[in-house]
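Spelled out, the chains give:
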Amino acid sequence: MDPSFTYTVADLAPDQALRLPCTCGVRTFRRDRLAALVGRDARLHLIGLRRELWCRDCGEPPLQGWVVSEEARTP
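Anyway, here's the lowdown on the structure attached to this text. Computed from a predicted model, the values in this text were never measured in an experiment.

## Some words on the overall build of the protein chain
Scanning the protein chain from terminus to terminus reveals two helices and three strands. Going from N to C terminus, the protein chain has its helices and strands arranged as β-β-α-β-α. Its C-alpha atoms give the protein chain a radius of gyration of 12 Å, near enough to 11 Å, the size a compact globule of 75 residues would have. Taken along the three principal axes of its C-alpha coordinates, the protein chain extends 30 × 30 × 20 Å. Taken across its 75 residues, the protein chain has 29% of its residues classed as buried. Relative to all contacts within the protein chain whose residues are 6 or more apart in sequence, the contacts with residues 24 or more apart total 62%. Just so you have it, the protein chain exposes about 4,900 Å², and 52% of that area is on carbon and sulfur atoms. Averaging the positions of the 11 positive and the 10 negative side-chain charges in the protein chain gives two centres separated by 4 Å.

## Notes on a nonpolar patch on the surface
On the surface, a cluster of nonpolar side chains totalling about 320 Å² of accessible area is made up of Leu-46, Leu-49 and Leu-63. Positionally, Leu-63 belongs in the loop between α1 (31-38) and β3 (66-69).

## Re α1
Those residues of α1 that sit buried are Arg-31, Leu-34, Leu-37 and Val-38. Each buried residue of α1 lies within a common arc of 130° when the element is viewed along its axis, so the set occupies one face. Where α1 is buried, its residues contact β1 (16-21) and β2 (26-30). Directly beyond the C-terminal end of α1, a positive phi value near 95° is found at Gly-39.

## Structural notes on the pattern of salt bridges
Applying the stated criterion across every chain yields a total of two salt bridges. Across the pair Arg-30 and Asp-32 runs a salt bridge whose closest N-O atoms are separated by 3.5 Å. For Arg-30, a relative accessible area of 38% puts it in the partly exposed group. Of the charged contacts in the structure, one is a salt bridge between Glu-52 and Arg-50, with a shortest N-O distance of 3.8 Å. Taking the relative accessible area as the measure of exposure, Arg-50 reaches 30% and is therefore partly exposed.

## Structural notes on the sheet that holds β2
Strand order across the open sheet formed by three strands is β2-β1-β3, with antiparallel pairing between neighbours. Among the strands making up the open sheet, the edge pair consists of β2 and β3. The mean inter-strand angle of the sheet, taken between neighbouring strand axes irrespective of direction, is 35°. The pairing of β1 with β3 spans four bridges and is antiparallel. Bridged to Ala-17 within β3 is Val-68.

Calculation rules
Residues numbered from 1 in each chain as written. Predicted model: local features only at pLDDT ≥ 70, side-chain atom pairs only at ≥ 80, totals over all residues. Heavy atoms only, no water. Helix = DSSP H or I, 4+ residues; strand = E, 2+ residues; numbered from the N terminus. Rg over C-alpha atoms; globule rule 2.2 N^0.38 Å. Buried < 20%, exposed > 50% of the residue type's maximum accessible area, 1.4 Å probe, protein only. Contact = heavy atoms within 4.5 Å. Areas by Shrake-Rupley, 256 points an atom, 1.4 Å probe, with all protein chains shown as cover. Lys, Arg positive; Asp, Glu negative; His and termini not counted. Charge placed at Lys NZ, Arg CZ, Asp CG, Glu CD. Patch = residues over 30% accessible without salt bridge, like charges linked within 9 Å, V, L, I, M, F, W, Y side chains within 5 Å. Salt bridge = Lys/Arg side-chain N within 4 Å of Asp/Glu carboxyl O. Arc of directions from axis to C-beta. Pairing = 2+ DSSP bridges. Axes fitted to C-alpha atoms, helices over the stretch in contact; angles between N-to-C directions.

Below is the structure:
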């Protein structure tokens, strides 16, 4: 099994965030916000399947995303 399939929200560093794209744009979720929405044990490779993270405007699930540092997150 690929070890990247075992990463969870808890594995993100405190200064990291997850960017999730949809048709409307890209939303950024800080680690603490992700933990509140889906739990610390939610696996990152499946996070787009969690209804809590689907876009409220277009209804699209974010099936791909990427991790960013806090510095890259702020304009």
